[in-house]
Amino acid sequence: MPGFISWMGNHAFDLLSAVGIISSLAFTAASYRENTKSRRLSNLVRLTEQHRDIWDESQGNPKLARVRDPLADLYTKPVTPEESQFVMLLLFHLHCWYRAIQGGEVKVLEGLEMDIKNFLGRPVPRFVWEQRKAYFDPDFRMFVDQVISAA
């Protein structure tokens, strides 16, 4: 026992320094974990608000009704610039979701692929996607095309 007391006397500062460093690392890790949770929730809320705003625009604009129409005839009435712009807004929004999911900023939403397939299965959105998908990066294009073609 006297050896331990002697050792403590000689190394007390080193021991306190090590305990302080370990404690500050543990506090930093806990803080980082809480910050990550908060950031993810904030990102989810922002993406959800953007989604709502985009769809509110669609609901309030009769010129965009064909975007949701599963029987829209593009031969008798081609896609309008307004419809194309609206679909592109949705596609850019979807791209943000895709990047946020890939970056671990939000969790994968159940039903996301079904929603993509349903939306891009309609004539106007599908036409715009096929015409404008070159504006997106290759991995996003591949993801969307795989979702569309999945049986």
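Notes on the structure in this doc start here. Fair warning: this is a prediction, and the values are worked out from it, not measured in the lab. (Residues numbered from 1 in each chain as written. Predicted model: local features only at pLDDT ≥ 70, side-chain atom pairs only at ≥ 80, totals over all residues. Heavy atoms only, no water.)

Aromatic ring pairs: the centre-centre distance and the angle between the two ring planes describe each pair. Evaluation of the coordinates by the stated rule reveals 8 aromatic pairs. Pairing Trp55 with Phe86 gives two aromatic rings, centres 5.7 Å apart and planes at 80°, and the pair type is edge-to-face. With Trp55 in helix 1 (residues 2–60) and Phe86 in helix 3 (residues 81–102), this pair connects stretches of sequence that are 31 residues apart. Measuring from centroid to centroid gives 5.2 Å for Phe136 and Phe140, while their planes differ by 50°, and the two rings are tilted. Looking at Phe136, the relative accessible area reads 4%, which means it is buried. Phe140 sits in the buried class, given a relative accessible area of 0%. Site record: aromatic cluster; members linked through ring pairs are Phe92, Tyr98, Trp129, Phe136, Phe140 and Phe143. (Phe/Tyr/Trp six-rings, centres within 6.5 Å; stacked < 30°, edge-to-face > 60°. Helix = DSSP H or I, 4+ residues; strand = E, 2+ residues; numbered from the N terminus. Buried < 20%, exposed > 50% of the residue type's maximum accessible area, 1.4 Å probe, protein only.)

Let's shift gears to the pattern of salt bridges. Side chains that differ in charge, positive against negative, can pair when their charged atoms come close. Under the criterion given, the structure shown has 7 salt bridges. Residue Arg66 is joined to Glu83 by a salt bridge in which the shortest nitrogen-to-oxygen separation is 2.9 Å. Remark: Glu83 occurs in helix 3 and Arg66 occurs in helix 2 (residues 65–68); sequence separation between them is 17 residues. Each member of the pair, Arg66 as well as Glu83, carries the same accessibility label: buried. Between Arg99 and Asp139 there is a salt bridge, with the nearest N and O atoms lying 2.8 Å from each other. One end of the pair, Arg99, is in helix 3; the other, Asp139, is in helix 6 (residues 138–149), with 40 residues separating them in the sequence. Note on Arg99: relative accessible area 32%, which makes it partly exposed. (Salt bridge = Lys/Arg side-chain N within 4 Å of Asp/Glu carboxyl O.)

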